[in-house]
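One-letter residues, chain by chain:
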Amino acid sequence: MKKIGFLTSGGDSPGMNACIRAIVKSSLNSKIKPIAIYDGYKGMIENHFKEMKYDDVNNIIQLGGTIIGTARSEEFKIIDYRKKAIQNLQNANIEGLIVIGGDGTFTGATILSKEMNIPIIGVPATIDNDIYGTDNSIGFDTALNTVVEAIDKIRDTASSHHRIFFIEVMGRNSGFIALHAAIAGGAESVLIPEITGNLEHLAKEIKNKNKGKRSTIVIVAEGEEKGGAFEIMKKLKPFLVGYDLRSSVLGHIQRGGKPSALDRIISTKMGAKAVDLLSNNKTDLMVCYKNQQISTIPIIDGISKKISPMENEDMFLLEKMLTLE
Ligand code: ATP
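In this text the structure is predicted, and so the values were computed from the model without any measurement. (Residues numbered from 1 in each chain as written. Predicted model: local features only at pLDDT ≥ 70, side-chain atom pairs only at ≥ 80, totals over all residues. Heavy atoms only, no water.)

1. Re the layout of surface pockets
The cut-off we apply is this: A cavity, in this analysis, means grid points on a 1 Å lattice covering only the protein atoms where a 1.4 Å probe fits yet has no way out; a pocket is instead an open set bounded by protein on both sides within 12 Å along at least five of seven lines, and a residue lines either one if it has an atom within 4 Å of a point. Grid points are joined across faces, edges and corners, and a volume is the space filled by probe spheres set on the points. Secondary structure elements are taken from DSSP: a helix is a run of H or I of four residues or more, a strand is a run of E of two residues or more, and numbering for both begins at the N terminus. Residues are sorted three ways: Asp, Glu, Lys and Arg are charged, Ala, Val, Leu, Ile, Met, Phe, Trp, Tyr, Cys and Pro are nonpolar, and all the rest, Gly among them, are polar.
Of the voids in this model, the largest pocket is the one considered here, and its volume is about 850 Å³. Around the largest pocket, the lining is made up of 40 residues, and of these Arg72, Asp103, Gly104, Thr105 and Arg172 lie nearest the centre. Looking at the lining of the largest pocket, the elements that each hand over two or more residues are helix H4 (103-116) and helix H10 (299-304). Residues of the lining of the largest pocket, tallied by class, amount to 11 nonpolar, 15 polar and 14 charged. Taken together, 17 residues make up the lining of the second largest pocket; nearest its centre are Asp135, Phe176, Lys290, Ile307 and Asn312. Every element with two or more residues in the lining of the second largest pocket is listed here: helix H6 (176-184) and helix H11 (313-324). Residues belonging to the lining of the second largest pocket are distributed by class as follows: 6 nonpolar, 7 polar and 4 charged.

What follows is the structure, given as structure tokens:
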């Protein structure tokens, strides 16, 4: 293999740059030319490619976001646009592809791989951590630390004013960030899409937890079916008369910032592994970080299998012990 292409796609996550750096350095060390494809599949359609050198990845390991940009390209889902992308890849003599992103990104790569017979490797990157087969996806650890820092800050003001705070964190269909942040931030309760419950019961629980305390924190995953933090606070008001209720939506600050040391290390290992796999003629694999080791699974499993934070028995027990019970 003489030339590989790589892209970041879907939502950005801290650590993507560390992965890009590892891909470029590992490729160059193996005498492979690394070609950056800008803005995900959009850049593949628009022929926005750049051959990367060592200098291009100097001083980027500590940067959040992605220096090669990311996008959600609806056009890539249409065969005529993918034909354009294939033509561009063929013109550039790209012989293998590394895609850094979530399950949508992997789906796009799998379809492309079949249509043009190009080897592909997926690297899981999403702060939501909702990808099957890996303990961590790139960006989860950093986002979690950002959320925990925010909880600590909100706790200061909540305790000063005897307030109950509902804090909304990211996680569209998944409670990974919410559950982990609730435990690490010492929250009194957590609402995630994976656990059902009714609001009256929650109100009772909040009252019990609030007894003798200066503050109560309830973490709400954005994908929670009963609504976001503000909506849940509004719905609970009639059950919590006399309590001072506030809500806060952490939003996009969870996506940005310097990657944690763990995210930098995982990203670097995953990027290097992806290059190694392509240069050994492997394809249709997703790189994983499992039990502190880098391994692989078929990319189709990463796309089709679902994962819940409640499958982890330790987390389940902690959640019961420290929050809901
Ligand atoms: P995140 O977890 O941050 O949402 P993701 O990779 O799952 O990341 P998506 O927006 O679902 O994000 O997918 C990224 C891109 O992958 C899409 O914008 C599209 O270009 C491509 N893609 C997704 N699904 C398909 C599909 N069925 N066919 C072709 N391309 C697809």
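Once the structure has been displayed, the description carries forward.
2. Some points on the site of the ligand
Condition: Residues are classed as near a molecule or strand on a simple rule: at least one heavy atom within 4 Å of it. The term polar contact refers here to a pair of N or O atoms within 3.5 Å; inside protein, the definition further demands a hydrogen-donor-capable atom paired with an acceptor-capable atom, and it admits residues adjacent in sequence only when both atoms are side-chain atoms. Residue exposure ignores everything except the shown protein chains as possible cover, and the areas themselves are Shrake-Rupley values with a 1.4 Å probe.
Contacts to the ligand come from 17 residues, most closely from Gly11, Arg72, Ser73, Thr105 and Arg172. Contact between the ligand and glycine 11: an oxygen atom at 2.9 Å from a main-chain N or O atom of the residue. In this structure, an oxygen atom belonging to the ligand sits 2.5 Å away from a side-chain N or O atom of threonine 105. Contact with the protein chains removes 84% of the 620 Å² of surface that the ligand exposes when unbound. Ranked by the residues each element gives to the shell around the ligand, the list is headed by H4, at 6 residues.

3. Structural notes on the nonpolar core
We count it as follows: As used in this record, nonpolar core signifies buried Ala, Val, Leu, Ile, Met, Phe, Trp, Tyr and Cys residues forming a set joined through side-chain atoms within 4.5 Å. Only protein chains enter the accessibility calculation, which uses a 1.4 Å probe; a residue whose area is less than 20% of its type maximum is buried, one above 50% is exposed, and one in between is partly exposed. By definition in these notes, contact holds between two residues if any of their heavy atoms fall within 4.5 Å.
If you look at the biggest cluster of nonpolar residues, it comprises 30 residues, and the most contacted ones within it are Phe6, Ile20, Ile23, Ile98, Ile100 and Val123. Those elements that provide at least two residues to this core are strand S1 (3-8), helix H1 (16-29), strand S4 (96-101), strand S5 (120-124), helix H9 (261-279) and strand S10 (285-290). In this view, isoleucine 98 contacts Ile4, Gly5, Phe6, Leu7, Ile23, Ile121, Val123, Ala274, Val275 and Leu278; residues no more than four positions away in its chain are not counted. Phe176, Ile177, Ile192 and Ile219 belong to the second-largest nonpolar core, a separate cluster that totals 28 residues.

4. Looking at the state of the cysteines
Condition: A pair of sulfur atoms, both from cysteines and within 2.5 Å, is called a disulfide here.
One pass over the full model with this rule turns up 0 disulfides. Free of any disulfide, cysteine 19 has its nearest neighbouring cysteine sulfur in cysteine 288, separated by 13 Å.

5. Brief notes about the packing of aromatic side chains
Spelled out, the test is: Pairing of aromatic rings covers Phe, Tyr and Trp, the last through its six-membered ring, and needs centres within 6.5 Å; plane angles under 30 degrees mean stacked, over 60 mean edge-to-face, and all others mean tilted.
Per the counting criterion, the structure on display carries 2 aromatic pairs. When the centroid spacing of 4.0 Å and the interplanar angle of 10 degrees are considered together, the rings of tyrosine 41 and phenylalanine 76 count as stacked. Here tyrosine 41, found in helix H2 (residues 41-45), pairs with phenylalanine 76, found in the loop between strand S3 (49-51) and helix H3 (79-91); they are 35 residues apart in sequence, far enough to count as distant. Across the pair, exposure class does not vary: tyrosine 41 and phenylalanine 76 are buried alike.

6. What about the domain arrangement of the chain?
Which entries qualify depends on this criterion: Domain delimitation in this document rests on an assignment produced automatically or drawn from a domain database. By buried area we mean the combined loss of accessible area, with a 1.4 Å probe, across both parts when two parts are placed together. Definition used for salt bridges: Asp or Glu carboxyl oxygen within 4 Å of a side-chain nitrogen of Lys or Arg.
On domain assignment, one finds that the chain holds domain 1 (3-139 + 259-305) and domain 2 (141-255). If you average the C-alpha positions of domain 1 and of domain 2, the two centres end up 34 Å apart. Taken together, the 15 residues of domain 1 in the interface contact 11 residues of domain 2. Of the roughly 1,100 Å² buried between domain 1 and domain 2 on both sides combined, carbon and sulfur atoms contribute 47%. Looking only at domain 1, the three residues that lose the most surface to domain 2 are Asp12, Ile127 and Asp128, adding up to 44% of its buried area. Joining domain 1 to domain 2, the criterion identifies 1 salt bridge.

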